[in-house]
Amino acid sequence: MALTDLIYGADIRLWVLDAGQQVVASTDDYANTVRVAVLQAYWDCLAARKWPWALASAPAVLTTVAKQSVTVNSISSATPAVVTLSATLTPSMVGYKFYLDGQQAIYRVNTHTAGTSSVTLDAAYVETPTSGAGTFFKDEYAMSANVLRPWGPLWYRGQPGGRDIDLIDEKQFSARYGHGVLSSGYVEAATVIRDQAMTAGGNSLGSLQIAPWSEDAINLEYDYTEYDELDFSGAGLADTPKIPRWDRVVIGYRALFHLFRTKDDTLADSAELEYQLKISEMEGRMRSQSKKNFWVRSRNSLG
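Residues numbered from 1 in each chain as written. Predicted model: local features only at pLDDT ≥ 70, side-chain atom pairs only at ≥ 80, totals over all residues. Heavy atoms only, no water.

1. Observations concerning the pairing of strand β4 (residues 97-100)
Here is the rule we go by: Note on classification: 1.4 Å probe, protein chains only; a residue is buried when its accessible area is under 20% of the maximum for its type, exposed when over 50%, partly exposed between these limits. Labels follow the DSSP assignment, with helices taken as runs of H or I lasting at least four residues and strands as runs of E lasting at least two, numbered in each case from the N terminus. The rule for pairing is simple: two strands pair if DSSP sees at least two bridges between them.
The alternating pattern of β4 places K97 and Y99 on one face and F98 and L100 on the opposite face, and all of these are buried. Pairing of β4 with strand β5 (residues 107-112), which is carried by two bridges, proceeds in the antiparallel orientation. Bridging from a neighbouring strand, K97 pairs with R108 of β5. In this antiparallel pair of consecutive strands, β4 and β5, the connection spans six residues, and G102 shows a positive phi of 90°. Pairing analysis gives four bridges linking β4 to strand β7 (residues 132-137), with the strands arranged antiparallel. Bridge pairing links Y99 to T135 in β7.

2. Notes on the sheet that holds strand β2 (residues 68-75)
For the record, the criterion: Axis definition: a line fitted to C-alpha atoms, over the contacting stretch in the case of helices. Angles run 0 to 180 degrees between N-to-C directions.
As summarised here, the arrangement of the six strands in space is β2-β3-β6-β5-β4-β7, forming a closed barrel in which the pairing is antiparallel. The sheet shows a mean angle of 45° between the axes of neighbouring strands, taken without regard to direction. For β2 and strand β3 (residues 82-89), the ladder comprises three bridges, and the chain directions are antiparallel. Residue S74 lies in a different strand from β3, and its bridge partner there is T84.

3. Describing the packing of helix α1 (residues 9-19) against helix α2 (residues 29-48)
Put simply, the rule reads: Should an angle lie under 35 degrees it is considered roughly parallel, over 145 roughly antiparallel, and from 65 to 115 roughly perpendicular; all remaining angles are considered oblique. Helix crossings are classified by the rotation of the near helix relative to the far one: an anticlockwise turn of less than a right angle makes the crossing left-handed, while a clockwise turn makes it right-handed. Working rule for contacts: check all heavy atoms of both residues, and any pair within 4.5 Å makes them a contact. Classification used: nonpolar for Ala, Val, Leu, Ile, Met, Phe, Trp, Tyr, Cys and Pro, charged for Asp, Glu, Lys and Arg, polar for all others including Gly.
Packing of α1 against α2 leaves a shortest axis separation of 10 Å and a crossing angle of 120°. With respect to α2, the axis of α1 lies oblique. At the point where α1 passes α2, the crossing takes the right-handed sense. Contacts between α1 and α2 involve I12, R13, V16 and L17 from the first element and Y30, A31, V34, R35 and V38 from the second. Of the residues assigned to the contact of α1 with α2, the class counts are seven nonpolar, no polar and two charged.

4. Here's the deal with the confidence of the model for the chain
Under the convention used in this document: Every residue is assigned a pLDDT by the predictor, reflecting its confidence on a scale from 0 to 100.
The share of residues in the chain with pLDDT of 70 or more is 85%, and the mean pLDDT across the chain is 87. Residue range residues 293-303 is modelled with pLDDT below 50. Its contacts to residues more than four positions away, or to other chains, number 22 contacts.

5. Focus: α2
Each turn of an α-helix holds 3.6 residues, which means side chains three or four residues apart point in the same direction. Quick note on the threshold: Expected helix span is given by 1.5 Å per residue-to-residue step, counting one fewer step than there are residues.
Relative to the 28 Å expected for 20 residues at 1.5 Å per residue, α2 spans 28 Å between its end C-alpha atoms, a close match to the ideal helical length. Judged by how many residues are buried, α2 sits mostly within the fold: 14 of 20 residues are covered.

6. What to know about unusual backbone geometry
Of note, the bond from T90 into P91 is cis; its omega dihedral lies within 30 degrees of zero at 10°. Along the chain, P91 turns up in the loop between β3 and β4. With an omega of 0°, the peptide bond running from T128 to P129 counts as cis. The phi dihedral of F232 is positive, around 60°, even though this residue is not glycine.

7. Concerning the nonpolar core
Inclusion rule: Nine residue types can take part in a nonpolar core, namely buried Ala, Val, Leu, Ile, Met, Phe, Trp, Tyr and Cys, and a core is a set of them joined through side-chain atoms within 4.5 Å.
One finds V16, V38, W51, I243, V250 and I251 to be the most contacted residues of the largest nonpolar core, which totals 39 residues. Elements that contribute at least two residues to this core include exactly α1, α2, α4 (249-262) and α5 (267-292). Ranked by the residues each element gives to this core, the list is headed by α2, at 12 residues.

8. Comments concerning the pattern of salt bridges
Test applied: Salt bridge, as used here, is a side-chain nitrogen of Lys or Arg placed within 4 Å of a carboxyl oxygen of Asp or Glu.
Inspection of every chain in the model, using the stated rule, returns 12 salt bridges. A salt bridge links E283 to R49, with the shortest nitrogen-to-oxygen separation between them at 3.1 Å. You can see E283 sitting in helix α5 and its partner R49 sitting in the loop between α2 and β1 (60-63), a full 234 residues away along the chain. Judged by its relative accessible area of 17%, E283 is buried. R49 gets classed as partly exposed once you look at its relative accessible area, which sits at 26%. Note that K97 and D139 form a salt bridge whose closest N and O atoms lie 2.9 Å from each other. A residue pair is termed long-range when its members are at least 10 positions apart, and K97 in strand β4 and D139 in the loop between β7 and β8 (140-142) qualify at 42 residues. Taken individually, K97 and D139 each receive the classification buried, so the pair is uniform in this respect.

9. Description of the packing of aromatic side chains
Stated precisely, the cut-off is as follows: Stacked, edge-to-face and tilted are the three classes for Phe, Tyr and Trp ring pairs, Trp counted by its six-membered ring, which pair at centre distances within 6.5 Å; planes under 30 degrees apart are stacked, over 60 edge-to-face, the rest tilted.
A full pass over the atoms with the stated rule returns 10 aromatic pairs. Considering the side-chain rings of W43 and Y227, the 5.9 Å spacing of their centres and the 90° angle between planes classify their relative orientation as edge-to-face. Here W43, found in helix α2, pairs with Y227, found in the loop between β13 (219-226) and α4; they are 184 residues apart in sequence, far enough to count as distant. Ring centres of Y107 and Y125 lie 4.9 Å apart, and the angle between their planes is 35°; this geometry places the pair in the tilted category.

Structure, rendered in structure tokens:
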């Protein structure tokens, strides 16, 4: 199969089967393994760079929530601790963090029913005092299910000329702000942290943590590469990769790497090299085209 024939996901799957020296029409377990490898390879390729043709048509919006200032009557010695407030609190504080003003220790909220005054924390409360003014705040926000990879910088909506918000790795973020971010103010940085949940379709919901956290509700925007699926039907948009047709072999190279690595095959190194060379070629073309302010979108008349 010629590289120019790689139009659909089904074509790429057959190409990988052939390159892996398997029977092209195979429908055995290995053929199913190839299908999984092609999907994983496709997502790897989409997320490898900030490809314009892989970005969502509109930025994602992260809406922060305002802090909640409260008066704490008591904090129990139970494990986990129960915080009793002087008044009921709405909305639910699940997903928020809590500290007594003037203290350095931050606790997560495990359970709280909106409209009640009892909040259960995630651990035993080992600080003193156990009453007084307190604060609930939120600095971790789930991304939507279609975010494959977010791209920095983030920016404030409605603030032209405002400072960009750097998207940095978690290690750098922790070194700069620590694991418990007490400071609030103008958001300077964000990082991708743990997955919070799985969608019905099996996508993980990643989260962004910001620092310093905002005391007010604000909207932050960011570009992102969105998830895309292939159904291996061999027809239609549902099986057409977003990657431009002339570059779709990169999916095959990456899929071969996943397959050969699983089998401890020394050919994995060769497949990885082909993949990296192709990515570099695509990146060079992207930079050249960006200087011309011209892009060929995926799923166009060229296939």
